[in-house]
Amino acid sequence: MSNSMLLFFFLSFIIFISPSSSSSSSMNTTHRCSVKQAHALILFKQNLSSINYNMSWFNYLCEDWLGSGYIPKIIKWNTSTDCCDWNGVTCDRSTGDVIGLDLSCGMLQGTIHPNTTLFHLPRLQRLNLAYNNFTDSQFPPHISKLSNSLTHLNMSSCGFTGQVPTDISHLHKLVSLDLSNIRIFNGVDLILKPHVFINLLQNSTAMEELSLAYLNISSVLPNNLNISSSLKLLNLGCNGLQGNLPINIFSLQSLEELYLWGNNFTGHIPSQITLLPKLVSLGIFSNDKLHMQPHIFSILLENSTFLRDLCLDEVNIGFVLPTYLNISSSLRSLGLISTGLQGRLPDNILSLEYLERLYLSDNKNLSGPLPNVNTSTIIPLTVLDLSETNISGEIPTSIGNLKSLTYLDLSYTSLSGEIPTSIGNLTSLIYLRLADTSLSGEIPISIGNLTSLIFLDLLSGEIPISIGHLTSLFYLRLSYCGFNGSLPKSIGNLRSLEYLDLSYNKLSGTLPSSLFTLSSIEYIVLDHNMFQGNMPPELFSLQSLIVLSLSNNRLSGQIDVLDNGPIQQTFQRLTNLTSLDLSYNNFTGEWELDTLLSSLTNLEALILSFSGISVTTNNANHYVNPNFMTLGLASCSLKVFPASIRSMTALRYLDLSINDIHGHIPDWVGEIGGNLLVLLDLSNNSIAGTIPNVYKDWGQLQWFLLNGNELEGKVPASLNKCKQLSVIDLGNNHLNDTFPGWLKDLPNLQVLVLRSNNFHGGIVPSSFVNFPFPSLRVLDSSHNGFVGKLPTKYFQNFKAMKNVVTSNTEPKYMQTGNMYYSITITIKGVDQIFTRLFVEYTIVDLSNNKFEGEIPNIIGNLNSLKALNLSHNSLTGRIPQALGNISEIESLDLSWNKLTGEIPQSLADVTFLEFLNLSQNHLMGHIPQGKQFNTFEGNSFGGNPKLCGFPLPKNCSERLHEPQLEGDGDEDESGFAWKVVMMGYICGILLGFVLGYLMLSTGRPKWVNAIVDEANYVIMKRQNKRR
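In this text the structure is predicted, and so the values were computed from the model without any measurement.

Asker: With reference to specific residues and values, describe the overall build of the protein.
Answerer: For the protein, the helix and strand inventory stands at 9 helices and 66 strands. Going through the 1027 residues of the protein one by one, you find that 51% of them count as buried. The contacts in the protein between residues at least 6 apart in sequence include a share of 59% that link residues at least 24 apart. Counting only carbon and sulfur atoms, one obtains 51% of the accessible surface of the protein, whose full area is about 47,000 Å².

Below is the structure:
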């Protein structure tokens, strides 16, 4: 090799190892940072301070980047050192100018001034302030001052408010721009005006990476975007974009990553998407109005040479899966959640050689069994989600060969059989969910091999002792699984456990003390089981506990508020508790409410309803957590209205029902919860006085329950301001008012109960209202003094009682939060208590009033009505034939009225009618037969003297079935019949004259009456013999 060649390689090596810039400048030949630029950085620092993020996922994200021990980057900035040595600062070695500033995940908060001193860094090329908290700042409006130097700008997730300034489009040298605005701190959108967005695209001719996720653009994109041909990454996720996809996006030959998810695009994904030669990652998910033709999807799967990540969740594809799935060998992740996939799972779906993540959940038309796994090769699959599909059959034993799996979700499917023991071979599993299937049998002992598991959600049987081997588990949810037996003591081995939910099972026995020795556990949810006995004393020392829910069990023992000894059981020491639910148990003890609330200063929810615990209050002024949200003290022997409730300005649910509260409702009741209160239940107490008219600010109120008290006066008109009201129950009081027709405008009102009060007057809708009570399902105005005609216009507009679609899935109850509405209504002739009212159960009860007139035909349009009670009124006229149109009706009571005519045959054709009471009316004729009518007893029709037929003992004569004489038969018989009739008429006339003369001349009407009675008897006797 010649000397010249050696010299060339030597010089090339020197150039290669000599960087142009450095974050430290220790060599004497480099220039130091200028005083002016160092001062600019210090001034920028002065407006900022360090914070500790309390949003764990945000903290985890920065820890992933920087490690768990990272500290604020500016904390060690010191003017005594060269600013080029400062953490996050990069300088040009030849000039000393600051060319880079990276303070991402800097744990910073504060204000960035509109003319920030960062603009005094004239050669700044790279600026990264991502993942800090600048919520008090607008995006720097004069950012264009850096237009001559800035090439890389990252201001993502900084909490900026307002609008991105027009100046952003003047940064013509930008190569990379990230303004993604994940709303971490304030939940406020950062707005990018459409014209600024378009100008930004046009002016950024050198742009290679553009990420604008979560910015609010809200615009219809033009068919063609003027966009940099150098673009490698484009992220327009969740921008509120609309219209068709711009076709020229799919002509960018340099494009490697394309994200258009979470928008409102319509139309079809163009075929050009298959022609992007360098595409590595494609995410167009969460565009549920967007379509993709199946053959284009197939080409994309098979022919994309570099495509690694493909996510089309919620795009309408409707692809019928083939028997054998052919995909590109480059593909590592495939997301097709809710895309309308059809057919059976391909035979090779679980044996693909390169695929690592597969998401096919929420495709209801995806069926067939789980295919076997190839056991002769290593399958790289780490994530498998087939939840909410219609796959069936047993889980194959070969699933144990998917040894790389970390995430497996087969929940909400039709899988059956037992969990194979080979599930224990999946030792890399972190997340396992098999709940809500038809799987049966016990959990295999091999589940204990899954020692890496941190999330577990399974099915039925007994909880095996081997569950104690899952020492890495921090999340264990086994609710609604049908588990029985006791909770194994080995659960105390789960030292990493933070969250435990075993609710809604059939677990019994006592609570193991080992559970309450887990020092990391924060959430214990064991409600709706059959646990019994006392609570372990270890519970009352568990300082880590945040949520404890033990409701609906059979637990007992004395629990007090005050700690009066070393073995006293009290929650007073659990100062981290935010939610405590002991309702529906058999405890004893007396709790002073103010003492408890002032001790547990973090408490946000306290539910002691039907727990057996008595609650008292001294109404002393104690501290109450301003974030307190739920207070349930039903059946807790309260005597007074707790004054501490007034301080609960964030209260959402207040239940003080079934107590012995006397006195008046306090005037400050309207202050409770501010405008956040959702439920107010003061029912079944001894509260007197009037209802305060102070509810205009309760914009979120849904339930207003005051039934079963001694309230007087009128219904407060301010309730009309509570537009979210769905239940108003004022029954069983002494209210004296007319019908509150002004409630008609409440759009969500589903239940209105006014029964057993002193309401009076007519129920007359206003002529100015077109659609009153549009959501009403239950109307009970019984046992009042209403008069006049039935409210025909209301019946006409009860839309929620018409054409109700019955759910074929699990029943839905009237509820808000975790609380169910209970109601007492007269159904099937007796007062029935519905502890949970079905949403679909529609009821009209106007009984025991003074209504008059006829039953309107329009009531037959309420074809989804379940119960109709109009009894004990003064209704007249016939029973409308239209009542037979109420095909869903189960209970019909029209008794104790003045109804006439025959019972319409249409009622006998109603299939679901279980109770019928037409007694004590003036009905006549034959009782219809067929279907449900054959099951009713005589008391359903009693008190109608002119009714006959089964089930009454009175038989109907044939004559009642002959509306007129028939003219059939031969001429001779007909002539003879008419002769007899004429003779009878003539004889009757002569007899009448004679009797009339005798009665007038002798004055003996009783004698005449006796003759007439005897004659009638003879005639009836002869007619019966002929029959």
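Asker: I'd love a proper account of the confidence of the model for the protein, names of residues and values included.
Answerer: On average, residues of the protein score 85 in pLDDT, and 85% of them reach the 70 mark or higher. This model gives residues 1–28 a pLDDT under 50, and the stretch forms 25 contacts once residues within four places in sequence are excluded. When the criterion is pLDDT under 50, residues 958–1027 qualifies, and its contacts beyond four places in sequence or with other chains add up to 10 contacts.

Asker: Requested: an account of the pattern of salt bridges, with residues and values cited.
Answerer: Enumeration according to the criterion identifies 13 salt bridges in this entry. Between aspartate 309 and arginine 357 there is a salt bridge, with its nearest N and O atoms 2.9 Å apart. Linking aspartate 309 in strand β17 (residues 309–311) with arginine 357 in strand β20 (residues 357–359), this pair joins segments that are 48 residues apart in sequence. Taking the relative accessible area as the measure of exposure, aspartate 309 reaches 27% and is therefore partly exposed. Through salt bridges with shared partners, a single network forms among Asp309, Arg332, Glu356 and Arg357.

Asker: Before we move on, can you summarise the nonpolar core with the specific residues and values?
Answerer: If you look at the biggest cluster of nonpolar residues, it comprises 258 residues, and the most contacted ones within it are Phe571, Trp591 and Phe704. Of all the secondary structure elements, the ones that give two or more residues to this core are α2 (35–46), β3 (89–92), β4 (98–102), α4 (194–203), α5 (294–303), α6 (593–599) and α7 (792–797). Here the element with the most residues in this core is α2; it accounts for 5 residues. Among the nonpolar cores identified, the runner-up in size contains 20 residues, and Leu679, Val751, Met814 and Phe834 belong to it.

Asker: Provide a residue-level description of the packing of aromatic side chains, including the pertinent values.
Answerer: A full pass over the atoms with the stated rule returns 25 aromatic pairs. Judged by centre distance (5.6 Å) and plane angle (5°), the ring pair of tryptophan 261 and phenylalanine 285 falls under stacked. Here phenylalanine 285 lies in the loop between β15 (281–283) and β16 (290–291) and tryptophan 261 lies in the loop between β12 (257–259) and β13 (264–265), a separation of 24 residues in the sequence. Ring-pair connections join several aromatic residues into one group, and the members of that group are Phe739, Phe759, Phe773, Phe786, Tyr794, Phe795, Phe798 and Phe851.

Asker: Could you give me a rundown of the environment of leucine 952, with the residues and numbers involved?
Answerer: With respect to the secondary-structure elements, leucine 952 resides in the loop between β66 (946–948) and α8 (971–1002). Classification of leucine 952 by relative accessible area gives buried; the value is 15%. For leucine 952 and phenylalanine 941, which are 11 residues apart along the polypeptide, the C-alpha to C-alpha distance reads 7.6 Å. Contacts of leucine 952, omitting those with residues within four sequence positions, involve Ile927, Gly938, Phe941 and Leu947.

Asker: So what about α2? Which residues, and what values?
Answerer: Here α2 contains 12 residues, and its C-alpha end-to-end distance of 16 Å stays within 8% of the 16 Å for a straight helix at 1.5 Å per residue. Gln37, Ala38, Ala40, Leu41, Ile42 and Phe44 are the residues of α2 that are buried.

Asker: Quick rundown of the sheet that holds strand β63 (residues 898–901)? Include the residues and the values.
Answerer: One open sheet accounts for 7 strands, arranged β51-β53-β59-β61-β63-β65-β66; its pairing is parallel. Among the strands making up the open sheet, the edge pair consists of β51 (760–762) and β66. Each neighbouring strand pair of the sheet contributes to a mean axis angle of 20°, computed without reference to strand direction. Strand direction decides the pairing type here: β63 and strand β65 (residues 922–926), joined by 2 bridges, are parallel. The partner of threonine 900 across the bridge, within β65, is histidine 922.

Asker: So what's going on with the sheet that holds strand β23 (residues 390–394)? Residues and values would help.
Answerer: The sheet built from 5 strands is open, its strands ordered β19-β21-β23-β25-β27 with parallel pairing. Two strands close off the open sheet at either side, each with one partner strand: β19 (343–344) and β27 (438–440). In this sheet, β27 lies alongside strand β25 (residues 414–418) in parallel orientation, the contact comprising 3 bridges. Among the inter-strand pairings, glutamate 418 is bridged to a residue of β27, identified as serine 440.

Asker: Please give an account of the state of the cysteines that cites residues and values.
Answerer: Enumeration over the complete set of coordinates arrives at 3 disulfides. Across the disulfide, cysteine 33 is cross-linked to cysteine 83 (sulfur-sulfur distance 1.8 Å). Taking the sign of the torsion about the S-S bond as the criterion, the disulfide between cysteine 33 and cysteine 83, at about 95°, is right-handed. In this pair, cysteine 33 is assigned in the loop between β1 (21–22) and α2 and cysteine 83 in the loop between α3 (56–66) and β3, connecting sequence segments 50 residues apart. Here cysteine 83 falls in the buried class, since its relative accessible area comes to 1%.

Asker: Talk me through the side chain of lysine 866; I want residue IDs and the actual numbers.
Answerer: Of note, lysine 866 is situated in the loop between β59 (850–854) and β60 (867–869). For lysine 866, a relative accessible area of 12% corresponds to the buried category. Excluding residues that lie within four positions of it along the chain, lysine 866 makes contacts with Glu840, Tyr841, Thr842, Glu888, Ile889, Glu890 and Ser891.

Asker: Tell me about unusual backbone geometry, residues and numbers included.
Answerer: For the bond from phenylalanine 950 to proline 951, the omega torsion is 10°, close enough to zero to count as cis. Residue placement: proline 951 occurs in the loop between β66 and α8. Phi at methionine 107 takes a positive value of approximately 55°, unusual for a residue other than glycine. With respect to the secondary-structure elements, methionine 107 resides in the loop between β4 and β5 (108–110). On the accessibility criterion, methionine 107 (9% relative accessible area) is buried. A positive phi angle, close to 70°, is found at tyrosine 214, a residue other than glycine. Structurally, the position occupied by tyrosine 214 is in the loop between β9 (209–211) and β10 (233–235).

Asker: How would you sum up a negative patch on the surface? Please name residues and give values.
Answerer: Residues Glu394, Glu418, Glu442 and Glu462 make up a contiguous surface patch of negative charge. Summarising the element assignment, glutamate 442 is placed in the loop between β27 and β28 (455–457).

Asker: So what's going on with the pairing of β23? Which residues, and what values?
Answerer: Examined bridge by bridge, strand β21 (residues 366–369) and β23 share 3 bridges and lie parallel to one another. Bridge assignment links serine 367 to a residue of β23, and that residue is asparagine 390. Judged from the 3 bridges that link them, β23 and β25 form a sheet pairing that is parallel. Across the sheet, residue glutamate 394 finds its bridge partner in β25, namely serine 416.

Basis of the calculations
Residues numbered from 1 in each chain as written. Predicted model: local features only at pLDDT ≥ 70, side-chain atom pairs only at ≥ 80, totals over all residues. Heavy atoms only, no water. Helix = DSSP H or I, 4+ residues; strand = E, 2+ residues; numbered from the N terminus. Buried < 20%, exposed > 50% of the residue type's maximum accessible area, 1.4 Å probe, protein only. Contact = heavy atoms within 4.5 Å. Areas by Shrake-Rupley, 256 points an atom, 1.4 Å probe, with all protein chains shown as cover. pLDDT = per-residue confidence, 0-100. Salt bridge = Lys/Arg side-chain N within 4 Å of Asp/Glu carboxyl O. Core = buried A, V, L, I, M, F, W, Y, C linked by side-chain atoms within 4.5 Å. Phe/Tyr/Trp six-rings, centres within 6.5 Å; stacked < 30°, edge-to-face > 60°. Expected span 1.5 Å × (residues − 1). Pairing = 2+ DSSP bridges. Axes fitted to C-alpha atoms, helices over the stretch in contact; angles between N-to-C directions. Disulfide = S-S within 2.5 Å. Patch = residues over 30% accessible without salt bridge, like charges linked within 9 Å, V, L, I, M, F, W, Y side chains within 5 Å. Lys, Arg positive; Asp, Glu negative; His and termini not counted. Charge placed at Lys NZ, Arg CZ, Asp CG, Glu CD.

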